[in-house]
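Here's the letter readout for the chains.
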Amino acid sequence: MPLIPLTLVSNWFQSCLCWVTGESSKTGMDIQAIRDHIEKIRGKREVLLKLLEQPDLGTLRIDVNQALEEMDDLLEEFDNTFPASAA
């Protein structure tokens, strides 16, 4: 099973935060492009959940749990800021 580099998730969310804070001219993304990227991230969440099922994960389990928590917080914040009904 391929692992998702956590830096990829972090960098992408930083790009979204730049857009949300009004720096959209730097990213050149519109809201639909961001929604599309958010959906890709939501899909990657399942990979992290499957990774947690691995019995030999060791201390990496802490990092995976933290990544899931942060991802859930950011996804919730995005959903609250940009409700689907506003699309």
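Anyway, here's the lowdown on the structure attached to this text. (Residues numbered from 1 in each chain as written. Predicted model: local features only at pLDDT ≥ 70, side-chain atom pairs only at ≥ 80, totals over all residues. Heavy atoms only, no water.)

### Considering a negative patch on the surface
Line of reasoning, step 1. A grouping of Glu69, Glu70, Asp73, Glu76 and Glu77 is seen on the molecular surface, where their side chains present a negatively charged patch.
Line of reasoning, step 2. Topologically, Glu69 is positioned in helix α4 (residues 60–81). (Patch = residues over 30% accessible without salt bridge, like charges linked within 9 Å, V, L, I, M, F, W, Y side chains within 5 Å. Areas by Shrake-Rupley, 256 points an atom, 1.4 Å probe, with all protein chains shown as cover. Salt bridge = Lys/Arg side-chain N within 4 Å of Asp/Glu carboxyl O. Lys, Arg positive; Asp, Glu negative; His and termini not counted. Charge placed at Lys NZ, Arg CZ, Asp CG, Glu CD. Helix = DSSP H or I, 4+ residues; strand = E, 2+ residues; numbered from the N terminus.)

### Section: the nonpolar core
Line of reasoning, step 1. Leu48 and Val64 are the most contacted members of the largest nonpolar core, which totals 14 residues.
Line of reasoning, step 2. Looking at this core, the elements that each hand over two or more residues are α3 (31–52) and α4.
Line of reasoning, step 3. Apart from residues lying up to four places away in sequence, Val64 is in contact with Leu48, Leu51, Leu52 and Leu57. (Core = buried A, V, L, I, M, F, W, Y, C linked by side-chain atoms within 4.5 Å. Buried < 20%, exposed > 50% of the residue type's maximum accessible area, 1.4 Å probe, protein only. Contact = heavy atoms within 4.5 Å.)

### Considering the packing of α3 against α4
The axes of two packed helices give the description: the angle between them and the distance between them.
Line of reasoning, step 1. Where α3 contacts α4, the axes come no closer than 10 Å and their chain directions differ by 150°. Taken together, α3 and α4 sit at an angle that is classed as roughly antiparallel. Considering how the two elements wind past one another, α3 and α4 form a crossing that is left-handed. From α3, Ile31, Ile34, Arg35, Ile38, Ile41, Arg42, Arg45, Leu48, Leu49, Leu51 and Leu52 reach across to α4, where they touch Arg61, Val64, Asn65, Ala67, Leu68, Met71, Asp72, Leu75, Phe78 and Asp79.
Line of reasoning, step 2. Residue classes in the contact of α3 with α4 are distributed as 14 nonpolar, one polar and six charged. (Axes fitted to C-alpha atoms, helices over the stretch in contact; angles between N-to-C directions. Parallel < 35°, antiparallel > 145°, perpendicular 65-115°, else oblique. Left-handed = near helix turned anticlockwise from the far one by under 90°. Nonpolar A, V, L, I, M, F, W, Y, C, P; charged D, E, K, R; others polar.)

### A word on the pattern of salt bridges
Any two side chains of opposite charge can pair if their charged atoms end up close together.
Line of reasoning, step 1. This model, assessed by the stated rule, comprises three salt bridges.
Line of reasoning, step 2. A salt bridge links Asp79 to Arg42; the nearest nitrogen and oxygen atoms lie 2.5 Å apart. Pair noted here: Asp79 is in helix α4 and Arg42 is in helix α3, with a separation of 37 residues, a long-range link.
Line of reasoning, step 3. For Arg42, a relative accessible area of 25% gives the class partly exposed.
Line of reasoning, step 4. Because the salt bridges share partners, they merge into one network encompassing Glu39, Arg42 and Asp79.

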